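# Structure at a glance
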Amino acid sequence: MGVRASPARDMHYQSTRGTAPILDFKGVTLAGLASDGGLYVPERWPQFDAAAIEAMAGLSYTQTAFRVLQPFVAGSLGDDALKALIAAAYADFGHPAVAPLVQLDERHWLLELFHGPTLAFKDIALQLLGNLFGHFLGAGETLTIVGATSGDTGSAAIKAVAGRPGITIFMLHPAGRVSEVQRRQMTTVLAGNVYNIAVDGSFDDCQALVKQMFNDAPFRAEMALSAVNSINWARLLAQIVYYFYAAVRLGAPHRKVSFSVPTGNFGDVFAGYAAARMGLPIGKLLVATNVNDILARALNRGDYSVGAVTPTATPSMDIQISSNFERLLFDLHGRNGAALAAVMSTFEATGKMTLSDGQRTEAAALFLAENVDEARMMQALQWAYSECGQLLDPHTAIGLSAARARAAAMEGPIVTLATAHPAKFPDAVERASGMRPQLPRRVQHLFDREERYDRLAADADALKAYMRARTG
Ligand SMILES: *Cc1c(COP(=O)(O)O)cnc(C)c1O
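Numbering of residues starts from 1 in each chain and follows the order in which that chain's sequence is written. pLDDT decides what is reported in this predicted model: residues at 70 or higher carry local features, side-chain atom pairs at 80 or more are listed and counted, and totals for whole chains, interfaces and linings draw on all residues regardless. Hydrogens and water molecules were not included; the side-chain quantities draw on all heavy atoms of the structure.

### Some words on the sheet that holds strand β3 (residues 101-103)
Pairing between strands requires that DSSP locate at least two bridges from one strand to the other. Runs of E in the DSSP output that reach at least two residues are strands. Runs of H or I that reach at least four are helices, and both are numbered from the N terminus. Sheet architecture is open: six strands sit in the order β3-β4-β14-β9-β10-β13, paired in mixed fashion. Either end of the sheet is taken by a strand with one partner, and the two such strands are β3 and β13 (367-371). Geometrically, the sheet is characterised by an average inter-axis angle of 25° between neighbouring strands, direction not taken into account. Sheet topology places strand β9 (residues 257-262) next to strand β10 (residues 282-289); five bridges connect them, and they run parallel. Axes here mean lines fitted to C-alpha atoms, for a helix over just the part in contact, with angles spanning 0 to 180 degrees between N-to-C directions.

Quick look at the structure:
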C-alpha cells in the first residue's frame, strides 16, 4: 500500500539566492531568513501519488499532518517526536475537526481555519512553530524572535511563545492600522518575554525593519535572531496540510479541487502551490487581493511594481511587497539562485520587476488572480449571510467574491480559505451584514485586560538599541 510519500531520505533546504549554507529542517526552522537575504526552499518536493493521497481518506487533521510533514522533517525529527509536536499544536483548537469544511452552495465551500487560540489561520502554523522552537532549543540556549505583523501573525506568534524559556519576542505592528481586537490580542499578553512595538509607519515599513535586523550579520548572530513571519519555512510547511485535508474530503485524488486564497504575503497560497507540486490534484489557485493588488498585477500583466499601501477593512492583506513571492520566482527562474539574486537586488533598488511572458504563462497554468474592492467585498459578505446564513470576516469575503467571479475558470469544487473569525473585524462585518459577530467565549476577556506596548519610529538603529536593552 502506497501510504509512504517517498522512501525516507533526509531533507535539505537551499536559499532562493543561492549562496547561503544548505540546512536541514532544524536549521531552517531556527534560522528563518537565509544569510544571503533569500528564503529557504526544499531541495525537492516529496511526491504523493494517487495511492498515497487515497490513503488519507478518513484520516484526522493531525494524522494528515503527520503524513504531509514527515518527508520534510526527515533527518531532524523522528516519527514519535513529530507526532507529539503535532498533537500539542492542535490540542487547544476550538473545533474537533481543527479545520472544518462548510458548504455554501453546490459549487462553493469554506475551509474554516480560524478555530485556533487567536481566531485566524496563522495559529495553524504558529502553534506548531512555537512547539518546534521549544523542541529544537537546547537547555541554556536562547533565541530572539523579531517579527512584523499586519495584525494576525503577531497575536498568534505571541500566543505560541509567551512564557517559553530561552525565547524573547519583539513584535512590530503599524501603529493605528490593526483592528482593536487584533491589537488587544497582542498587547494584553503581559509575559516577561513579550515586547510589542507600535511603529510609526505601514506594515511594509515594519517588514523592512525586520529584514534590516536579519541583514545585519553581527547583530543577527549576537541576538540569535529567528523569524516567525512566513519567511520561516516551517510556517508554510504547516499550511500545506490543510490543502490535502480539504481536497481529500472533496474527492481528491479522483477529482480536482480549486482554492481561492485571500492573499497578502503570498505565504498561504504558496503552501497551495507546494501541495500541487507534491502531487495533489489542484485545479486552480486563485490569488485574491484587495485594492493593494501588486500580486494581481504581477500575475495578470507581469507588472510586479510597488505602489503606496492603501489601508482597507482587510488589514492583513494591506501589503505591497509579498515576501514569499520570491519562492515562486525562484522556480520561475529555473531554480537558479544567482539569476534570482540579481533580479531581487534590482527590485530592491528600484521597486520594479517585470515577469516575462514565458514566466507568466508558466504561473498561469496553476494561478489565477483577482483584485476585489471594498464594495465587492461587502456584497460577498452580504450574500453569504443572506443566502447561506454564514457570517464571514472581510478577508474571507475578498476570497469568496473572487471565487464567485472566476468560478467558470476553476475546475472542481471551489474552496475559499476562511482565514479569520468574523469577530476579529466586528465593525466591517456589522456594516455589511447588520449583524455584530460575537467573540467566542474563550476570548471574551480581551476588553477587560491591561495593555502594554511601546511606540517607536521606523528606524533600524532605534529598534536595535531597544532590542539590545531588553535581551542578554
Ligand atoms: C495573514 C492573513 C492573510 C494573508 O495571508 P498571506 O499568507 O500573508 O498571504 C489573509 N487573511 C487573514 C485573516 C490573515 O491573517
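### Describing the site of the ligand
Throughout, the term near means that a residue has one or more heavy atoms lying within 4 Å of the molecule or strand in question. Around the ligand, the structure places 15 residues, and the nearest of them are K122, D152, G264, N265 and T419. G267 is positioned such that a nitrogen or oxygen atom in its backbone is 3.3 Å from an oxygen atom of the ligand. A distance of 3.4 Å separates an oxygen atom of the ligand from a polar side-chain atom of S316. Across the complex, the protein chains shield 97% of the 380 Å² of accessible surface that the ligand would expose by itself. Polar contacts here mean pairs of N or O atoms no more than 3.5 Å apart (in protein, one a potential hydrogen donor and the other a potential acceptor; neighbouring residues in sequence count only if both atoms are side-chain atoms). Areas reported as accessible are Shrake-Rupley estimates using a 1.4 Å probe. Residue values count occlusion only from the protein chains shown.

### Some words on the sheet that holds strand β15 (residues 454-457)
Strand order in the open sheet formed by five strands is β8-β5-β6-β7-β15, with parallel pairing between adjacent strands. A strand with exactly one partner marks an edge of an open sheet, and here the two such strands are β8 (225-226) and β15. Across two bridges, the pairing between strand β5 (residues 143-148) and β8 is parallel. Bridge pairing links I145 to S226 in β8.

### So, the side chain of T64
If you trace the backbone, T64 turns up in helix α3 (residues 61-73). Between buried and exposed lies partly exposed: a residue is buried under 20% and exposed over 50% of the maximum accessible area for its type, with that area taken using a 1.4 Å probe on protein chains only. We classify T64 as buried; its relative accessible area is 1%. A distance of 2.8 Å separates a polar atom in the side chain of T64 from the backbone oxygen of S60. In what follows, a contact means two residues having at least one pair of non-hydrogen atoms within 4.5 Å. Once residues within four sequence positions are removed from consideration, T64 is found in contact with M56, L59, V241, F244 and Y245.

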